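Each chain, letter by letter, is given below.
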Amino acid sequence: VSRFKIIESTLREGEQFANAFFDTETKIQIAKALDDFGVDYIELTSPAASEQSRKDCEAICKLGLKAKILTHVRCHMDDARMAVETGVDGLDVVIGTSSYLREHSHGKDMTYIINTAIEVIEFVKSKGLEIRFSSEDSFRSNLVDLLSVYSAVDKVGVTRVGIADTVGCASPRQVYDLVRTLRGVVNCDIETHFHDDTSCAVANAYCALEAGATHGMSLGLDTSVLGIGERNGITTLGGLMARMMVADRDYVMSKYKLHKLKDLENLVADAGMSPLPLSSALVLAGTGRGGILQATLRPTILNPSIPQTDPSSFPLFYHVDQFGKPANECAVQINIPFNNPITGFCAFTHKAGIHAKAILNNPTTYEILKPEDYGLSRYVHFASRLTGWNAIKSRVEQLGLTMTDAQVKLCTQKVKAMADVRPLAIDDADSVIRTFHLNLTADHE
Ligand code: HCA
Ligand code: CU
């Protein structure tokens with residue numbers, strides 16, 4: 001596995017994240033940061049979404065970034081006509097091909113889908129722009145249907161075809177099979193898009209790469225910063241970087257400024273994630289049937305044993321905090337998850353005595369990623385009952401104290417005894433060490 005391109009969708013899929021609201025300035029800041037990080041493409045919300053979305057798209061195109069700018073639109077001539085006027089380098093068009101979406105969303109048959117796709121592709125190409133065609137909900141689509149659309153669009157010279165796991169149902173093995181099959185059917189590049197509903201989004205992206213990046217073809221992987229997107233989001237940029245660093249460190253290091261990852265994540269985590277007051281969120285959600293649904297917050301919604309089969313009884317927008325309070329009573333913001341690859345607060349923290357000892361000898365014993373590649377540092381935890389004397393010895397040295405190994409071992413027993421009673425802060429453990437050291441010198445005098 002090696003060559004891949006990142007189609008970064010924080011400014012498209014990410015805008016579909018429940019809490020996201022990016023004003024123009026924020027979008028520009030994020031676009032510049034993504035560009036600086038080194039992503040290959042930046043995907044933007046459709047100009048057909050709103051007047052401001054169209055203006056923002058134009059503004060970002062004018063920045064003259066290295067990354068190519070794409071906008072994501074429905075596979076429809078009206079959208080395509082509007083999009084080609086914005087100054088983008090290409091269009092990502094999408095249409096649902098699964099029976100779920102054909103029946104419950106746009107209601108079109110496969111012939112219509114193929115004909116429209118060809119019309120849009122030829123139009124966009126005539127404007128000299130890139131065009132990617134993607135089938136929404138690919139993994140719940142009929143394989144014959146799917147392959148016939150892809151091969152039809154490949155024949156008219158589409159730049160890339162995309163497969164999308166819109167509902168996050170795909171497993172890595174299914175991904176491998178589908179990409180492999182598709183690789184045999186089309187000559188163009190392949191792009192993939194994975195939702196994370198079942199926690200497979202990064203693994204799926206990697207599997208797609210294993211299956212599709214053969215014979216010198218590169219593979220497009222959609223990501224967003226921290227994975228933000230519809231529902232619980234998509235493949236995270238950072239998670240993918242972590243995975244790829246293990247697979248092909250030189251390639252990743254040559255393309256992306258990894259030491260800027262943390263800042264990029266912080267930028268997005270802080271940017272315009274304004275929680276809406278619950279009432280206005282409900283109004284905005286609308287019903288799709290005209291008028292505003294009187295959505296009531298019923299506690300039954302929290303009880304999964306009560307089936308919610310009637311769509312009119314679905315809550316339209318309902319966030320609760322960990323105590324079940326509605327979102328307008330709690331701060332809805334986004335934090336970097338503790339278990340985030342690379343940037344999670346404990347991603348390079350080593351705790352058990354056995355781990356600490358080995359890490360102090362040679363970090364590669366328990367680290368597959370090096371914190372210094374990301375401008376970060378490792379931390380050897382020593383203030384716990386699981387600690388060992390090697391960790392304490394290293395702390396003793398950091399504190400500028402001198403002890404023999406036998407003394408360090410005794411001191412370690414003190415720390416462990418105290419840590420058996422209650423959780424220790426670093427200061428607590430340090431003061432155990434200092435007191436122990438003081439008593440040693442006192443004994444001497
Ligand atoms: C969505 C669309 C999409 C599109 C992916 C793509 C998906 O449902 O909001 O263009 O490849 O997940 O299907 O994000
Ligand atoms: Cu998506």
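Residues numbered from 1 in each chain as written. Chains lettered and ligands numbered in written order. Predicted model: local features only at pLDDT ≥ 70, side-chain atom pairs only at ≥ 80, totals over all residues. Heavy atoms only, no water.

Engineer: Mind showing me how you'd approach the overall build of the chain here?
Structural biologist: The helix and strand inventory of the chain stands at 15 helices and 10 strands. Sorting the 445 residues of the chain into buried and exposed places 49% on the buried side. At a minimum sequence separation of 6, the contacts of the chain that also span at least 24 residues come to 71%. Of the roughly 21,200 Å² of accessible surface on the chain, a fraction of 53% belongs to carbon and sulfur atoms. (Helix = DSSP H or I, 4+ residues; strand = E, 2+ residues; numbered from the N terminus. Buried < 20%, exposed > 50% of the residue type's maximum accessible area, 1.4 Å probe, protein only. Contact = heavy atoms within 4.5 Å. Areas by Shrake-Rupley, 256 points an atom, 1.4 Å probe, with all protein chains shown as cover.)

Engineer: Any chance you could explain the site of ligand 1 here in plain terms?
Structural biologist: All residues in the neighbourhood of ligand 1 are listed as R12, E13, Q16, H72, V94, R132, S134, E136, A164, T166, H193 and H195. Contacts to ligand 1 include S134, whose side-chain N or O atom sits 2.9 Å from an oxygen atom. Within the side chain of H193, one N or O atom sits 3.1 Å away from an oxygen atom of ligand 1. In isolation ligand 1 offers 360 Å² of accessible surface; the protein chains occlude 90% of this area. With three residues, the single largest contributor to the shell around ligand 1 is strand β5 (residues 130-136). Residues of the shell around ligand 1, tallied by class, amount to two nonpolar, six polar and four charged. (Near = heavy atom within 4 Å. Polar contact = N/O pair within 3.5 Å; in protein donor to acceptor, adjacent residues only side chain to side chain. Nonpolar A, V, L, I, M, F, W, Y, C, P; charged D, E, K, R; others polar.)

Engineer: Whenever I open this one, helix α9 (residues 237-255) confuses me. Can you help?
Structural biologist: The periodicity of an α-helix, 3.6 residues per turn, causes residues three or four positions apart to be oriented the same way. In a regular helix each residue adds 1.5 Å, so 19 residues correspond to 27 Å; α9 covers only 14 Å between its end C-alpha atoms and thus falls short of that length. Most pronounced at D248, the bend in α9 amounts to some 125°. For α9, the full list of buried residues reads L237, G238, G239, L240, M241, A242, M244, M245, Y251 and V252. Next to the buried residues of α9 lie β1 (4-8), α1 (24-37), α8 (201-212), β8 (219-223) and α10 (261-270). (Expected span 1.5 Å × (residues − 1). Bend = angle between axes of the 7 residues up to and from the residue.)

Engineer: Which parts of the structure should I look at to understand the packing of α8 against α9?
Structural biologist: Helix-helix packing: each pair is described by the crossing angle between the helix axes and the interaxial distance. Relative to each other, α8 and α9 sit at 45°, their axes nearing to 9 Å. On the basis of their axis angle, the class for α8 and α9 is oblique. The chirality of how α8 crosses α9 is right-handed. Residues V202, A205, Y206 and L209 of α8 touch α9, and the partners they reach there are G239, L240, R243, M244 and A247. Tallied by class, the residues present in the contact of α8 with α9 amount to seven nonpolar, one polar and one charged. (Axes fitted to C-alpha atoms, helices over the stretch in contact; angles between N-to-C directions. Parallel < 35°, antiparallel > 145°, perpendicular 65-115°, else oblique. Left-handed = near helix turned anticlockwise from the far one by under 90°.)

Engineer: Looking at this model, I keep getting lost on the pairing of β5. Mind explaining?
Structural biologist: The side chains of a regular strand alternate between the sheet's two faces. Burial of β5 is extensive: six of the seven residues sit out of reach of the surface. Where strand β4 (residues 90-96) lies against β5, seven bridges are found, and the strand directions are parallel. In the strand pairing of β5, I95 is matched with S135. The pairing of β5 with strand β6 (residues 160-165) spans four bridges and is parallel. Following the sheet pairing, S135 is matched in β6 by I163. As a crossover connection, the stretch from β5 through helix α6 (residues 143-155) into β6 is right-handed. (Pairing = 2+ DSSP bridges. Right-handed = clockwise from strand over helix to strand, strands pointing away.)

Engineer: Honestly, the side chain of T236 in this entry has me stumped. Any pointers?
Structural biologist: With respect to the element layout, T236 can be found in the loop between β8 and α9. Look at T236 and you get buried, because its relative accessible area is 17%. Within polar-contact distance, the side chain of T236 engages the backbone nitrogen of G239 at 2.8 Å. In this structure, T236 is in contact with V202, T223, S224, L226 and G227, ignoring residues within four places of it in sequence.

Engineer: What is the right way to read unusual backbone geometry from this model?
Structural biologist: Trans is the common state for peptide bonds, and a negative phi is the common state for residues other than glycine. Located in the positive-phi region is L226, a residue other than glycine, with phi close to 65°. By secondary structure assignment, the location of L226 is in the loop between β8 and α9. At R231, a position not held by glycine, the phi torsion is positive, near 50°. Note that R231 resides in the loop between β8 and α9.

Engineer: Would you mind showing me how to read the sheet that holds strand β3 (residues 68-74) here?
Structural biologist: As a general point, the strands of a sheet are linked pairwise by backbone hydrogen bonds and lie either parallel or antiparallel. Strands sit in the order β1-β2-β3-β4-β5-β6-β7-β8 around a closed barrel of eight strands; the barrel is parallel. Averaged over neighbouring strand pairs, the angle between their axes works out to 25° when direction is ignored. Pairing between β1 and β8: five bridges, direction parallel. The residue of β8 that forms the bridge with F4 is L219. Strands β5 and β6 of the sheet are contacted by α6, whose axis makes an angle of about 175° with β5.

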